[in-house]
Amino acid sequence: MDVILQQILSFILLYKYLALFGVAFLASLALPFPSDSAIVAASAFAGQGYFNIGLVILIASLGNISGDYIGYWVSRIYGRPILYKIGLHKVLDSKVFTWIESEVRVHSGVVVLLSRLNVFVTLTVNIVAGLSRMSSKLFLLYIVIGETIQVIIIASIGYFFGSNWQTIYGIFGKFTLVLFLFAALMFALAHKKAMERIIEKRQLSQK
Amino acid sequence: MDNKRPNWLTGENVVIFILIIACAAAFWWLVSSINFSYKSGYFHPQRYPREYLNSTTTVPFLVSDIQLWMTFDYLNKVFGLPQNYLKQSMNIQDGRYPNLQLNRYAELNNINAQEFIKSVRSAVQAYKK
């Protein structure tokens, strides 16, 4: 177990639910905290009778949801001005980014819900959702559902597998990676097919 | 000589090809991890002594699982020790007991960490007997 995770687990044992909320919240704000590992470990502690598993799930979910929502608003209010200032306006104004924004708006539910399973995708989607000015109420609804499901899944790993949690959680992480790569592949194939249909329609209309 | 790029070698097709390779590699990595974990016994219920399988908690905890990052309060609760048992048996004077990490106590009292963890495990084992 790495040193940072050991420090965080000590912190959670000392300050209990408050520390768990803090770790989940800060990790959702893109700070480098191993939030998922901390939640799995806290659930293992609950399995040993030290915490209440219901409270672990509730507090961790609230931490994640709060961090995600604040990240969304920061991106929505300050995202574009900051990115323009540091010279990334070409990226924001590019066709690819415009397409990504439109896809996130059209498939917002699926994108936001599925992105909760992987921390890097979560942070990226939070930022893009803010930049694309997705409805804040819809975003909140999706993150409440998505984060609760995600926390329940990873908490159950800690609660039922106990001291094997690191191994089982590692396998779960690889499984979500496979899932995401597969989803990205399906997305790319669907986009390719859609573009081919558009080109075909244009060619037919020109004739 | 015709130096034109083939029609199929577009950016999109390259991305799809890379994603296919990445999917296959990630899946192979996943299956090999599951295989390794299974052979290492992580999915076998006999990993823990029989007495723990009837425990009211879902997660058995062994004396050998005690680590330096844990606190005295946590050990008291998971092993069902009286609040002051470790304080008296190990002569702990620190006012922060039991909300104190084992490694922090060892550091403050200039005790070798590995020796300290052995003495904690012995104290817990002595109570369980």
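Data block above holds the structure.
Quick summary incoming for the structure in this document.

What counts, and at which threshold
Residues numbered from 1 in each chain as written. Chains lettered and ligands numbered in written order. Predicted model: local features only at pLDDT ≥ 70, side-chain atom pairs only at ≥ 80, totals over all residues. Heavy atoms only, no water. Helix = DSSP H or I, 4+ residues; strand = E, 2+ residues; numbered from the N terminus. Buried < 20%, exposed > 50% of the residue type's maximum accessible area, 1.4 Å probe, protein only. Contact = heavy atoms within 4.5 Å. Areas by Shrake-Rupley, 256 points an atom, 1.4 Å probe, with all protein chains shown as cover. Buried area = accessible area lost by both parts, 1.4 Å probe. Salt bridge = Lys/Arg side-chain N within 4 Å of Asp/Glu carboxyl O. Polar contact = N/O pair within 3.5 Å; in protein donor to acceptor, adjacent residues only side chain to side chain. Nonpolar A, V, L, I, M, F, W, Y, C, P; charged D, E, K, R; others polar. Patch = residues over 30% accessible without salt bridge, like charges linked within 9 Å, V, L, I, M, F, W, Y side chains within 5 Å.

### Quick word on the overall build of chain B
Counting its secondary structure elements, chain B contains 6 helices and 0 strands. When the helices and strands of chain B are read in sequence order from the N terminus, they spell out α-α-α-α-α-α. Looking at chain B as a whole, 35% of its 129 residues qualify as buried. Once local pairs closer than 6 in sequence are excluded, the contacts in chain B between residues at least 24 apart make up 52%. Accessible area for chain B stands at about 8600 Å²; split by element, carbon and sulfur atoms hold 55% of it.

### Concerning the interface of chain A and chain B
Tallying the contact residues gives 34 residues for chain A and 33 residues for chain B. Among the residues chain A hides against chain B, the three largest losses belong to Gln48, Tyr50 and Lys174 of chain A. Together they make up 20% of the total. The tally of links between chain A and chain B comes to 1 salt bridge. In this assembly, chain A and chain B are joined by 5 residue pairs in polar contact (both at pLDDT 80 or more). At 15 residues, helix 9 (residues 165-206) of chain A tops the list of elements feeding residues into the side of chain A that touches chain B. Tallied by class, the residues present in the side of chain A that touches chain B amount to 20 nonpolar, 11 polar and 3 charged.

### Things to note about the pattern of salt bridges
Under the counting rule described, the total for this entry stands at 7 salt bridges over all chains. We note a salt bridge from Glu147 of chain A to Arg116 of chain A, for which the minimum N-O separation is 3.6 Å. With Glu147 of chain A in helix 8 (residues 136-161) and Arg116 of chain A in the loop between helix 6 (108-115) and helix 7 (119-131), this residue pair connects regions lying 31 residues apart in the sequence. We note that Glu147 of chain A, like Arg116 of chain A, is buried. Note that Lys77 of chain B and Asp73 of chain B form a salt bridge whose closest N and O atoms lie 3.3 Å from each other. You can see Lys77 of chain B and its partner Asp73 of chain B sitting in helix 3 (residues 72-79), 4 residues apart, about one turn around the helix. Under the relative-accessibility criterion, Asp73 of chain B is labelled buried at 7%. Salt bridges sharing partners connect three or more residues here, namely Lys16 of chain A together with Asp73 and Lys77 of chain B.

### Focus: a nonpolar patch on the surface
All names here are of chain A. Taken together, the side chains of Ile70, Trp73, Val74, Ile77, Tyr78, Ile82, Ile86, Leu88 and Val91 present a nonpolar region at the surface, about 820 Å² in accessible area. Of all the elements, helix 3 (residues 53-85) adds the most residues to the nonpolar patch, at 6 residues. Inspection of the secondary structure puts Ile82 in helix 3.

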